[in-house]
Each structure stands twice: as C-alpha cells, then as structure tokens.
Amino acid sequence: MVGAVLTLGACGSDVAGENTAAGSSPTEASVPAEGTTRLWIGPDLVDCIGEAEQKCMQVAESEDGEYLNFFDEIEGFTFVEGTSYVVDVMIEEVADPPADGSSLKYTLVEIVS
C-alpha cells in the first residue's frame, strides 16, 4: 500500500495533509492511503479553520488515541452530535483532486458501534 499523511490535528490543514491552509497542523499520523481502516469519532463537533471556518469531527486512529480535527467528510455517514462512533471506512486516492480539496476520499463501510 502507498503511505500518506493523515492530518487530523489542529485546524488549518485538510485530513490528507495536502493542500494545507495557512497555519497548518504540526500533528500528523501515518495511515494507509488506500484500504479500509477503523476510526473512533468523538461525540462533539469543534470549531476549526481549514479553507474557511467550519465545524470538525474529532477522530482518533485507535481506541485510546488522541482525538484530532477531521477536516473531511465520510461519504454515507451522517454524524449526530452527542454520539460517539467506531466506524470502518474505505480510503481511496482521488485521481485529480481540486486545488482546495483532499487527495483522499473516505467512504463508510460499517458503523461498528
């Protein structure tokens, strides 16, 4: 699998760690660029700034991992504030991403809990 940087950290960069806005995050974690992975989603949306001010989900890469801002969306998943989730997602590279968009696409495979 091809490796990529997944930026879930402080506001200012997208989830893929590419096409970052001013003030990009120093917090980065390595995840597969393609394939299925499990994410832990916290119960609250937080204020964050990517291309503009927005609300971000808080996502961790493990059950006891640090929750960081998730600037992307998960296709097929509807977040309900106040609910924590464990989800499996398919990560695919976007062939020709827009200049202000992520190079990765996230699609819901399963809501585990």
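Residues numbered from 1 in each chain as written. Predicted model: local features only at pLDDT ≥ 70, side-chain atom pairs only at ≥ 80, totals over all residues. Heavy atoms only, no water.

A separate point is the overall build of the protein chain. A count of helices and strands for the protein chain gives 0 helices and 9 strands. Along its sequence from the N terminus, the protein chain presents helices and strands in the succession β-β-β-β-β-β-β-β-β. Restricting the contact set of the protein chain to residue pairs at least 6 apart, pairs at least 24 apart contribute 54%. Taken as a whole, the protein chain presents about 6100 Å² of accessible surface, with 48% of it coming from carbon and sulfur. (Helix = DSSP H or I, 4+ residues; strand = E, 2+ residues; numbered from the N terminus. Contact = heavy atoms within 4.5 Å. Areas by Shrake-Rupley, 256 points an atom, 1.4 Å probe, with all protein chains shown as cover.)

For the coordinates displayed, the defined rule picks out 1 disulfide. Covalent S-S linkage joins C48 and C56, the inter-sulfur distance amounting to 1.9 Å. Judged by the sign of its S-S torsion, about 80 degrees, the cystine formed by C48 and C56 is right-handed. Assigned by exposure class, C48 and C56 land together as buried. (Disulfide = S-S within 2.5 Å. Buried < 20%, exposed > 50% of the residue type's maximum accessible area, 1.4 Å probe, protein only.)

This part covers the confidence of the model for the protein chain. When pLDDT is averaged along the protein chain, the result is 76; 70% of the residues meet or exceed 70. Put simply, strand β1 (residues 3-6) is where the protein chain has its lowest mean pLDDT, 37, and strand β7 (residues 74-75) is where it has its highest, 96. Considering only residues more than four positions removed or in separate chains, one finds that residues 1-31, a stretch of pLDDT under 50, has 90 contacts. (pLDDT = per-residue confidence, 0-100.)

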